[in-house]
Amino acid sequence: MVVPGCWDATVEFALRRGIGHYRRVVCVPAAGSYRICFEGVANGARVEVDGECVAHHFGPHVPFATPDFRLEEGRHEIVVHVDNRFGEHNAMLLKRCGWYCYGGIHRSLHLEKVPEVRVNRLHVATLEVTESTASVEIKASFSAGAGKADVRVTTVDGSILWQEQVAFTGGELRKTVELSGIVPWSPLNPALYFVRIETADDDLCQRVGFRTVACGNGSVLLNGREIKLHGINHHDYHPESGYTSDLLRMKRDLDIVKDLGMNFVRTSHYPKDSLFLDLCDEMGLLVWEETPGWQNGPEEMRTDRFRQQYLQSVGDMVAAHYNHPSIIIWGFLNEVRSEYEELRPVFEAVTGRFRELDPHRPITYATNRLLHNPDRMLDLVDILAPNLYNGWYLGEYGEAFPKHPAEYLEQLMKWFDDQGLGQKPVIIGEFGGGGVSGTHRLDRRRWSEENQVDLLAEALEAYHGHPSLAGYALWLFADTACCESEEMKRPNSHNCKGVLDEYRNPKAAYFAVRDRINSLNQE
């Protein structure tokens, strides 16, 4: 089995659920402490070294590392047992999940030798920024309780902006640094820098951008200025490789996002590969990154296992991706049953965890509990993110809602005001409709490419440039395989709302959206 890869995207093990066993014999050149670092495993992993379990982990798509273990010089066997089954052990993902949940070591991993005294983590936060200066907080954790570390900030070509030897105690270092001669990170100028921390035995370097993000008066503020977010939802899916992607495909996908005239990506509905985020940093694309969840309800969300797994996933995502300047929003729990007041403790725990780990980014979740079934948790987040499918779901099944997005949006904004939420920014988390690639109808009926064009054109007319909206994320970048329980409801067993098909071939909607957004951007 190729690693990284998904076994159920192969011919031999297509659609297979169960436990996959990965075995590799490695030759270690020197005795010492080691650990294995994973970029992502779907969904649960048990890691064994020479027959001894060194780690259990549950949480798809999030990076994690095993605890340290001792190896002597010579050959050693590593076995990773990967579980992609649904069940009580998998509290976060449901069998009726909105996308096909592949199994495997679907992102990269490596074995590394670790020194006795090492840098465990380095986080950099921009506290204030101007056109040429930045106030930056540098935080690091160490495996030793006390010592000294050399810290420096450089340009990408190595020019030193600041350096100092800093003492740390209790295994923690915290230093606020005033920088000058910098360029703030922004979509128009995604300037990047390096922060490096070094001890006698170890070093760690992180690439960062200096920028601030905040919410105020219904707007998202980047570096103190209002920015409108025009974007799209992106799934990690390709029919030939499942979740697994390579750098070339990631770059091409993001080039397509830029070609659409967009500046914003929502990582539906799970964290991205670090390489994807690196590209967003370099290309100036803004990102809403979120932890997994799809239409979960009280039955599973009230359990201790759900809370434990979800908080672990939040912690893993924030720890791994904290330094990416492109990430301006943390998200969680798409379209869950947030009308139930009994779930407030779960929402409080999740939002509290985000704010504890990163007080510098706003948080949100996408909701479809709106006028007909009101959401009760919106006071806990910084950004309101309704999912609106006027003409596709809303207005099609007898509800007392208008079919047209502009009319419904006005009702919704008034409802937000009536709930005392009017000062929060509003981003449409999803909107759109299905179009089966190659299906054309003179009457422009449902599932035709013509009907998809009509739905997206009307929605863009309502949302793009709307004075009360901070932005939107169109659903969907490319058609995505659905889970087994959704197959009878979806043509070709896919969610066909992509503006591209699953092989990245453009539909009529792609050209209609690109031309309309680029035209609106010029107005």
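Predicted model, so just to flag it, every value in this text is computed and none were measured.

Each value, and the rule that gives it
Residue numbers run consecutively from 1 along every chain, following the written order of its sequence. Reporting in this predicted model follows two pLDDT cut-offs: at least 70 for local features of residues, and 80 or more for side-chain atom pairs to be given and counted; totals over whole chains, interfaces and linings ignore these cut-offs and use all residues. With hydrogens and water set aside, each side-chain value is computed from the structure's full complement of heavy atoms. Strand pairing follows a simple DSSP-based rule, namely that at least 2 bridges must link the two strands. A run of DSSP states H or I qualifies as a helix once it reaches four residues; a run of E qualifies as a strand once it reaches two. Both are numbered from the N-terminal end. Every residue pair with non-hydrogen atoms within 4.5 Å of one another is taken to be in contact. Inter-axis angles, ranging from 0 to 180 degrees, are taken between N-to-C directions of lines fitted to C-alpha atoms, where helices are fitted over the stretch in contact. The labels follow the angle: roughly parallel below 35 degrees, roughly antiparallel above 145, roughly perpendicular from 65 to 115, and oblique for the rest. When the near helix sits turned anticlockwise from the far one by under a right angle, the crossing is termed left-handed; a clockwise turn instead gives a right-handed crossing. Residues are grouped as follows: Ala, Val, Leu, Ile, Met, Phe, Trp, Tyr, Cys and Pro are nonpolar; Asp, Glu, Lys and Arg are charged; every other residue, Gly included, is polar. In this scheme, a residue with accessible area under 20% of its type's maximum is buried, one over 50% is exposed, and one in between is partly exposed, where area comes from a 1.4 Å probe on protein chains only. When charges are tallied, Lys and Arg are placed among the positive residues and Asp and Glu among the negative ones, while His and the ends of the chain are skipped. Within this document, salt bridges are pairs made up of a side-chain nitrogen of Lys or Arg and a carboxyl oxygen of Asp or Glu, the two lying within 4 Å of each other. Under this definition, polar contacts are N or O atom pairs within 3.5 Å; protein pairs additionally need one hydrogen-donor-capable and one acceptor-capable atom, and for neighbouring residues in sequence, both atoms have to be side-chain atoms. Handedness of a crossover is defined as follows: with both strands directed away from the viewer, a clockwise route from the first strand across the helix to the second makes it right-handed.

Asker: Describe in detail the sheet that holds strand β26 (residues 427-428), supporting the description with residues and values.
Answerer: Strands sit in the order β23-β22-β21-β20-β19-β27-β26 across an open sheet of seven strands; the sheet is parallel. Looking along the sheet, the strands with just one partner apiece sit at the ends: β23 (363-364) and β26. Looking at chain direction, strand β19 (residues 229-233) and strand β27 (residues 471-474) are connected through four bridges and run parallel. By the bridge assignment, Leu229 is partnered in β27 with Gly471. Helix α4 (residues 304-321) contacts β21 (286-290) and β22 (327-331) of the sheet and is inclined by roughly 175° relative to β22.

Asker: Provide a residue-level description of the packing of helix α6 (residues 405-418) against helix α7 (residues 449-463), including the pertinent values.
Answerer: At a minimum axis separation of 8 Å, α6 and α7 run at an interaxial angle of 40°. As summarised for this structure, α6 and α7 are arranged oblique, according to the angle between their axes. As for how α6 packs across α7, the hand of that crossing is right-handed. Between α6 and α7, the contacting residues are Pro405, Ala406 and Leu409 on the first element and Glu458, Ala459, Ala462 and Tyr463 on the second. Classifying every residue of the contact of α6 with α7 gives six nonpolar, no polar and one charged.

Asker: Can you tell me about unusual backbone geometry, naming the residues and giving the values?
Answerer: Omega for the peptide link from Val3 to Pro4 comes to 0°, which places this bond in the cis form. By the element assignment, Pro4 lies in the segment before β1 (19-28). At Leu15, a residue that is not glycine, the phi angle is positive and equals roughly 60°. The exposure class of Leu15 is exposed, given its relative accessible area of 55%. Non-glycine residue Asn217 carries a positive phi angle of around 50°.

Asker: Which residues make up the side chain of Glu335, and what values go with them?
Answerer: Considering the arrangement of structural elements, one finds Glu335 in the loop between β22 and α5 (344-357). The buried charged residue Glu335 lacks any salt bridge partner; its closest oppositely charged side chain belongs to Arg266, at an N-O distance of 6.8 Å. Separated by 2.9 Å, the side chains of Glu335 and Gln295 make a polar contact. Sequence-distant contacts of Glu335, that is, excluding residues within four places in its chain, are made with Trp294, Gln295, Ala366, Asn368, Asn387 and Glu430.

Asker: Go over the pairing of β22 with me, naming the residues and quoting the values.
Answerer: With respect to burial, β22 is a largely interior element, five of its five residues being buried. Note that β21 and β22 share four bridges and pair parallel. From the neighbouring strand, Trp288 faces β22, where its bridge partner is Ile329. Pairing geometry for β22 and β23, over two bridges, is parallel. Paired with Gly331 across the two strands is Thr364, which belongs to β23. One crossover worth recording links β22 to the parallel β23 by way of α5, and it is right-handed.

Asker: Go over the environment of Pro60 with me, naming the residues and quoting the values.
Answerer: Along the chain, Pro60 turns up in the loop between β4 (52-58) and β5 (64-65). For Pro60, a relative accessible area of 0% translates into the label buried. Measuring from C-alpha to C-alpha, the distance between Pro60 and Ser159 comes to 39 Å, with 99 residues separating the pair along the chain. Setting aside its immediate chain neighbours within four residues, Pro60 contacts Val41, Ala42, Asn43, Leu93, Pro271 and Pro292.

Asker: Please set out the sheet that holds strand β16 (residues 213-216) residue by residue, giving values where relevant.
Answerer: Taken together, three strands build an open sheet; the order of strands is β16-β17-β18 and the sheet is antiparallel. The open sheet has two free edges, formed respectively by β16 and β18 (225-226), since each of these has just one partner strand.

Asker: Please give an account of the pattern of salt bridges that cites residues and values.
Answerer: Counted under the stated rule, the structure contains 37 salt bridges. For Arg353, the salt bridge goes to Glu356, with nearest N and O atoms at 3.3 Å. Note that Arg353 and Glu356 are positioned in helix α5 at a spacing of three residues, about one turn of the helix. What makes Glu356 exposed here is its relative accessible area of 57%.

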